[in-house]
Structure formats: structure tokens, C-alpha cells
Amino acid sequence: MKLPFPTDLPPAVRQIGRALCGPETRARLAAGLQHAAHISARRDPIFRASLAQLAALKNHHAGQTCVIIGNGPSVAGFDFSKLSHLSTFCLNRGYLMWREQRLNPAYLVAVNDLVLEQFHTDIASVTCPVFVPW
């Protein structure tokens, strides 16, 4: 059985916790559940494979310059080919701008839950390594 993280609990359960427990008790319970959920997740073979892939990247770009690229109107019209020789991390749906210019970032980082929920199929089709909080 996989334990939920505190943030994965349904709102009704969290509301009951707020009604029954003070802030210090809730913080201790949340920390305990978080710890137990991490231990539970480490037994998952997919999680273990993900950790191995992450470990393989350690120091892979040591000494190199990397660029973290946001998305939105501030980067509209930017010529990403100027960054093609660098390791790049694009955020959330930043891959869309790369597709327009037929380039690929080195890595994609997506942490916005709404973006992940709505565009998981697009994100799964990105050809570079993807970092998500799941």
C-alpha cells in the first residue's frame, strides 16, 4: 500500500484535521505522514528507477554553464538557437516555444500541478529528460 503525502489528502480530511488538532499537532502529524510516505514511495519500482536515472546525471554537466528559461511573454520572440550550445532547463510549458523554433531544451522541469494535470500527455511526449515532483 502506498501512503499519501499530506498534500494529497482530500480537502475534507484536512478540514477535519484543522478542526480536531492544533497547529503544532497538525505539523507533527504532517511531518510523520510525509516521512512515512517517502519510505513507502521508495519501495515503488518506478520511483527507484527514477532515483537511479537522477543519480546517473550527477556531475554530468560539471563545470558547464546552464541556462534556466522561464516561459511566457517575457521570452516571446527570443532566438533560442543562441542557446543551442548550452545546457538548458525550460519550465512548465516552455517546450512550446522551443517547438516553434524546432529546437529542444536539454531538460524540462514542470512543478505546477495544474500544468501537469492538464498537459501530462504533452509533457510525456517531450524528448528530453523531464523532472516532475511525482
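A. Summary view of the pairing of strand S2 (residues 87-91). Bridge analysis of strand S1 (residues 66-69) against S2 gives 4 bridges, and the strand direction is parallel. When the sheet's bridge partners are listed, Cys66 is paired in S2 with Ser87. Summarising the sheet, S2 and strand S3 (residues 107-109) pair through 3 bridges and their orientation is parallel. Counted as the bridge partner of Phe89 is Tyr107 from S3. In this view, the connection linking S2 to its parallel neighbour S3 by way of helix H4 (residues 95-100) has right-handed handedness.

B. Structural context of the side chain of Thr88. Turning to its location among the elements, Thr88 is positioned in strand S2. A relative accessible area of 1% means that Thr88 is categorised as buried. Once residues within four sequence positions are removed from consideration, Thr88 is found in contact with Val67, Ile69, Leu83, Trp98, Pro105, Ala106 and Tyr107.

C. Structural context of the pattern of salt bridges. What the rule picks out here adds up to 1 salt bridge. Here Arg93 makes a salt bridge to Asp122, at a shortest N to O gap of 3.6 Å. In this pair, Arg93 sits in the loop between S2 and H4 while Asp122 sits in helix H5 (residues 113-124), placing the two residues 29 residues apart along the sequence. Take Arg93: its relative accessible area is 23%, and that puts it in the partly exposed class.

Conventions we followed
Per chain, residues are indexed from 1 in the order of the written sequence. Only residues with pLDDT of 70 or above have their local features reported here, since the model is predicted, and side-chain atom pairs are shown and tallied only from 80 upward, although totals for entire chains, interfaces and linings are computed over all residues. Side-chain figures throughout are based on the complete set of non-hydrogen atoms in the structure, without hydrogens or water. Following DSSP output, two strands are said to pair if at least two bridges run between them. Numbering of helices and strands starts at the N terminus; helices are DSSP runs of H or I of at least 4 residues and strands are runs of E of at least 2. Seen with its strands pointing away from the viewer, a crossover is right-handed if its path from the first strand over the helix to the second goes clockwise. Note on exposure labels: buried denotes an accessible area under 20% of the residue type's maximum, exposed denotes more than 50%, and partly exposed covers the range between, all computed with a 1.4 Å probe on protein chains only. Here, two residues are considered to be in contact whenever any of their heavy atoms come within 4.5 Å of each other. One speaks of a salt bridge when a side-chain nitrogen belonging to Lys or Arg is within 4 Å of a carboxyl oxygen belonging to Asp or Glu.

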